[in-house]
Amino acid sequence: MKSVFNKPQIEITAQLLHQYFDSQPHPFEPEKFIDIASDKLEQRELKDRSEQIVIALFKTLPDCYSEAIAALTTVLLPVSDNQDLKEVTTTEEGVAGWMIMPFTEYVGRRGVQEQSLKTNTAVGTAPEVDYQPLVLALEAQKQLTKRFTSEFGIRHLLIEYPSKCLKIMESWCLDSCHHVRRLVSEGTRPLLPWAMQLPEFKEHPDWVSTHLDTLRNDESEYVRRSIANHLNDISKSYPENVNEIAQKWLSESNSINRQRMVKHACRSLIKAGNVDTLRLFGYSDPKGLVSEVYLNKAIVKVGESIDLSLNIKASTMPLLVDYKVYHLRGRGQHIGKVFKWKEIKAPEKEIKLTKSHSFKPINTRRYYSGTHYVEVLINGVSQGKQSFELIAD
């Protein structure tokens, strides 16, 4: 995947910038850009390659931020508002695809630097701060996201100037381009993978609630899925907030799109067996439905499997069956992890379920010898724990 940043793409980008600056007073050195951007290219991984291109932009673009922004936005590939970006890449016609990633980083970082200078100058000398650098940066991110995504680079601006950014982004919720609308929810995700976290957004999920509320009926599945992912991030710190939003949104509409979006937003809460969440999706208390839960062995060696079995009586309610393994850790405490088992619409007669759980060694988990537990959960309600001994040596 790291090969998306390669020498030919760097050379094309340099040539496009050179062509632009040919008619501008500021000189641009394409050879310098290429040398810096491709330095030790083969030794670098994907994000490191992107970072090297960011360094090249800092060292070759003009000191004047507005001139630099004009250059970056002018050399972009012409695209339609809602174009599918899967196959879009940088060509002689313009920059697009992965090369946008270092562009957005440059715009975000330089934007913070330039806005900081304006802000510091204004303190004690002017009644209002000049936010022109921030406005320029956000407008550039808006254009860039139409050709890849600005969800990473925009975070520099959101961290430093959250309220001003969110105010400007309100209008983006109604933009004709679904890539721009998605940036509102994806760019502000507190726990976006691959990206810097947004600690204050994590602490204040209400900051973006109005934006998400505006987007909840978006016609684009691409946008709705981003909203769901944003809410799923919030659910890890504030489950009650997400349950409240889910209840409100489901009460407004029972459409397939709404159901799918809200359920995806609540996926971590569902997996964790959050009872309030499960009730929203019709998973009621299964009291008296399970007649037996048992394991097929009392001692398990690492590399082996253990089988779980349970009998479930006939029922008219939907059932979500999971199980939780409590792994013994090095300090003697037990850490539980929920595993999905089966979703049953409504068992019309008594059924027996069996599940095999492997203790095959994996890189992400270390096993310790001692007592472990398995707990079966139905609709989030525990059906009791069963113990067994794991031998790790």
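These numbers come from a predicted model, not from an experiment. (Residues numbered from 1 in each chain as written. Predicted model: local features only at pLDDT ≥ 70, side-chain atom pairs only at ≥ 80, totals over all residues. Heavy atoms only, no water.)

Peer 1: Even after reading the chapter, I still don't get the overall build of the protein, so can you show me in this structure?
Peer 2: The number of helices and strands found in the protein is 16 helices and eight strands. Overall size of the protein, expressed as C-alpha extent along the three principal axes, is 80 × 50 × 45 Å. When the 393 residues of the protein are sorted by exposure, 48% land in the buried category. Put simply, of all contacts in the protein between residues at least 6 apart along the chain, 68% involve residues at least 24 apart. For the protein, the centre of its 51 positive side-chain charges and the centre of its 50 negative side-chain charges are spaced 8 Å apart. (Helix = DSSP H or I, 4+ residues; strand = E, 2+ residues; numbered from the N terminus. Buried < 20%, exposed > 50% of the residue type's maximum accessible area, 1.4 Å probe, protein only. Contact = heavy atoms within 4.5 Å. Lys, Arg positive; Asp, Glu negative; His and termini not counted. Charge placed at Lys NZ, Arg CZ, Asp CG, Glu CD.)

Peer 1: I keep staring at the sheet that holds strand E4 (residues 319-328) and nothing clicks. Help me out?
Peer 2: Working definition: the strands of a sheet are paired by backbone hydrogen bonds and lie parallel or antiparallel to each other. If you walk across this open sheet you meet the five strands as E2-E8-E7-E4-E5, and the pairing is mixed. This sheet does not close on itself; its edge strands, each paired only once, are strand E2 (299-301) and strand E5 (334-344). The average undirected angle you get between the axes of adjacent strands in this sheet is 30 degrees. Here E4 pairs with strand E7 (residues 370-378) via six bridges, running antiparallel. The partner of Asp322 across the bridge, within E7, is Leu377. (Pairing = 2+ DSSP bridges. Axes fitted to C-alpha atoms, helices over the stretch in contact; angles between N-to-C directions.)

Peer 1: Just checking my understanding: could you explain the nonpolar core for this structure?
Peer 2: Across soluble globular proteins, nonpolar side chains have a tendency to be buried as a group. Counting residues in each nonpolar core, the largest one holds 79 residues, and the members touching the most others are Phe33, Phe103 and Val107. If you tally residues by element for this core, the top one is helix H1 (residues 7-21), at seven residues. With sequence-adjacent residues up to four places away left out, Phe33 is seen in contact with Ile10, Thr13, Ala14, Phe28, Ile53, Ala56, Leu57 and Thr60. Val293, Leu295, Leu308 and Phe339 belong to the second largest nonpolar core, which has 24 residues in total. (Core = buried A, V, L, I, M, F, W, Y, C linked by side-chain atoms within 4.5 Å.)

Peer 1: Help me understand the packing of aromatic side chains in this model?
Peer 2: Any aromatic ring pair is given by two values, namely how distant the centres are and how the planes are angled relative to each other. Taken as a whole and judged by the stated rule, the model has 13 aromatic pairs. Taking the centre distance of 5.6 Å and the plane angle of 15 degrees together, the rings of Phe21 and Phe28 count as stacked. With relative accessibility at 4%, the residue Phe21 sits in the buried group. A relative accessible area of 7% means that Phe28 is categorised as buried. By the ring-pair criterion, three or more aromatic residues cluster together here, those being Phe5, Trp98, Phe148 and Trp194. Above the plane of the ring of Tyr326 lies Lys385, whose end atom (NZ or CZ) is 4.0 Å from the centre. Of note, Lys385 hangs over the ring of Tyr373, and the distance from its end group to the ring centre comes to 5.5 Å. (Phe/Tyr/Trp six-rings, centres within 6.5 Å; stacked < 30°, edge-to-face > 60°. Lys NZ or Arg CZ within 6 Å of the ring centre and 35° of its normal.)

Peer 1: Looking at this model, I keep getting lost on unusual backbone geometry. Mind explaining?
Peer 2: For residues besides glycine, phi is generally negative; the peptide bonds are generally trans as well. You will see that Lys40, though not glycine, has its phi angle at about 50 degrees, which is positive. Residue position: Lys40 is located in the loop between helix H2 (30-37) and helix H3 (46-60). Even without being glycine, Asn379 reaches a positive phi, approximately 55 degrees. Mapped onto the elements, Asn379 comes out in the loop between E7 and strand E8 (381-391). Judged by its relative accessible area of 0%, Asn379 is buried.

Peer 1: Help me understand the side chain of Asp175 in this model?
Peer 2: Here Asp175 shows up in the loop between helix H8 (162-169) and helix H9 (178-187). Excluding residues that lie within four positions of it along the chain, Asp175 makes contacts with Lys142, Val180 and Arg181.

Peer 1: Which parts of the structure should I look at to understand the pattern of salt bridges?
Peer 2: Where charged atoms from two side chains of opposite charge approach closely, those side chains can pair. Inspection of every chain in the model, using the stated rule, returns 24 salt bridges. As a salt-bridge pair, Asp175 and Lys142 come within 3.3 Å of each other at their nearest N and O atoms. Of the two residues, Asp175 is situated in the loop between H8 and H9 and Lys142 in helix H6 (residues 132-144); the sequence distance between them amounts to 33 residues. Here the two residues Asp175 and Lys142 agree in accessibility, since each one is buried. (Salt bridge = Lys/Arg side-chain N within 4 Å of Asp/Glu carboxyl O.)

Peer 1: Even after reading the chapter, I still don't get the state of the cysteines, so can you show me in this structure?
Peer 2: Covalent bonding between the sulfur atoms of two cysteines is what defines a disulfide. Taken as a whole, this structure holds zero disulfides when the rule is applied. Cys173 provides the cysteine sulfur closest to Cys165, a residue in no disulfide bond, and the two sulfurs are 13 Å apart. Take Cys165: its relative accessible area is 0%, and that puts it in the buried class. Take Cys173: it sits in no disulfide, and the sulfur closest to it among the cysteines is that of Cys177, at 13 Å. What makes Cys173 buried here is its relative accessible area of 5%. (Disulfide = S-S within 2.5 Å.)

Peer 1: Please clarify how H1 should be interpreted in this entry.
Peer 2: Given 3.6 residues per helical turn, the α-helix brings residues three or four places apart onto the same face. Here H1 is 15 residues long and its end C-alpha atoms lie 21 Å apart, about the 21 Å a rise of 1.5 Å per residue gives. Turning to H1, its buried residues are Gln9, Ile10, Ile12, Thr13, Ala14, Leu16, Leu17, Tyr20 and Phe21. At the N-terminal end of H1, a side-chain oxygen is found 2.9 Å from the backbone nitrogen of Gln9, two or three residues along, and the residue is Asn6. (Expected span 1.5 Å × (residues − 1). Polar contact = N/O pair within 3.5 Å; in protein donor to acceptor, adjacent residues only side chain to side chain.)

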